[in-house]
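Secondary and tertiary structure notes
For reference, the chains in residue letters:
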Amino acid sequence: VQLQASGGGLVQAGGSLRLSCAASRLTFNSYVMGWFRQAPGKEREFVAAISWYLGSTAYADSVRGRFTISRDNAKNTLYLQMNSLKPEDTAVYYCAARDGITSAQVMGVRSMNYWGKGTLVTVSS
């Protein structure tokens, strides 16, 4: 499994950004994909997850109502639409996958099987 995140950049507070994650070599029947982030000096944390086949979603409290996770099954691409960005959203964002489960839920970092390289999001005040 290969995951490649893109779309990070510099944006002003209140602005929007959309991250993409291209997935390849997905061979399992059921899996959940998610976004995580790691701010400088902090641990990596869960942001959002989506069931690839069911489309159910889960969000961290800190982003619920501002971020939207989605996927394009035909393109094998995961997205994270980020609106109303805040300086505290500044972090390296990672996409990840976990096979063998069907329902989206708040995911722990250690529960994910596959990780892509991150993309940096910087929100200026």
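1. Some remarks on the side chain of Arg 66
Mapped onto the fold, Arg 66 is located in the loop between β6 (57-59) and β7 (67-72). Beyond its immediate sequence surroundings of up to four residues, Arg 66 is in contact with Gln 81, Met 82, Asn 83, Ser 84, Leu 85, Lys 86 and Asp 89.

2. Considerations on the packing of aromatic side chains
Here a ring pair, both rings aromatic, is described through the centre-centre distance and the interplanar angle of the planes. Applying the stated criterion across every chain, the model contains five aromatic pairs. For the ring pair Tyr 31 and Trp 52, a centre distance of 5.7 Å and an interplane angle of 20° mean the geometry is stacked. One end of the pair, Tyr 31, is in strand β4 (residues 31-38); the other, Trp 52, is in the loop between β5 (45-51) and β6, and 21 residues separate them in sequence. Residue Tyr 31 shares its accessibility class with Trp 52, and that shared class is buried. Grouping aromatic residues by their ring pairs yields a cluster made of Phe 36, Phe 46, Tyr 94 and Trp 115. A cation over an aromatic ring shows up here: Arg 44 above the ring of Tyr 94, its NZ or CZ 3.7 Å from the ring centre. Against the face of Trp 115 rests Arg 44, its NZ or CZ located 4.8 Å from the ring centre.

3. Overview of the state of the cysteines
Across all of its chains, the model carries one disulfide by this definition. Shown here is the disulfide that connects Cys 21 with Cys 95, its sulfur atoms set 2.1 Å apart. On the sign convention where negative is left-handed, the bridge of Cys 21 and Cys 95, at about 60° about the S-S bond, is right-handed. Residue Cys 21 is located in strand β3 (residues 17-24), and its partner Cys 95 is located in strand β9 (residues 91-99); the two are separated by 74 residues in the primary sequence. Assessed through its relative accessible area of 0%, Cys 21 is described here as buried.

4. Here's the deal with the pairing of strand β8 (residues 77-82)
The buried fraction of β8 amounts to five of the six residues, a majority that puts the element mostly inside the structure. Inspection of the sheet shows β3 paired to β8 by six bridges, in the antiparallel sense. Along β8, the bridge assignment pairs Arg 18 with Gln 81. In the sheet, β7 pairs with β8 via six bridges, with the strands oriented antiparallel. For Phe 67, the partnering residue across the bridge sits in β8 and is Met 82.

Criteria and cut-off values
Residues numbered from 1 in each chain as written. Predicted model: local features only at pLDDT ≥ 70, side-chain atom pairs only at ≥ 80, totals over all residues. Heavy atoms only, no water. Helix = DSSP H or I, 4+ residues; strand = E, 2+ residues; numbered from the N terminus. Contact = heavy atoms within 4.5 Å. Phe/Tyr/Trp six-rings, centres within 6.5 Å; stacked < 30°, edge-to-face > 60°. Buried < 20%, exposed > 50% of the residue type's maximum accessible area, 1.4 Å probe, protein only. Lys NZ or Arg CZ within 6 Å of the ring centre and 35° of its normal. Disulfide = S-S within 2.5 Å. Pairing = 2+ DSSP bridges.

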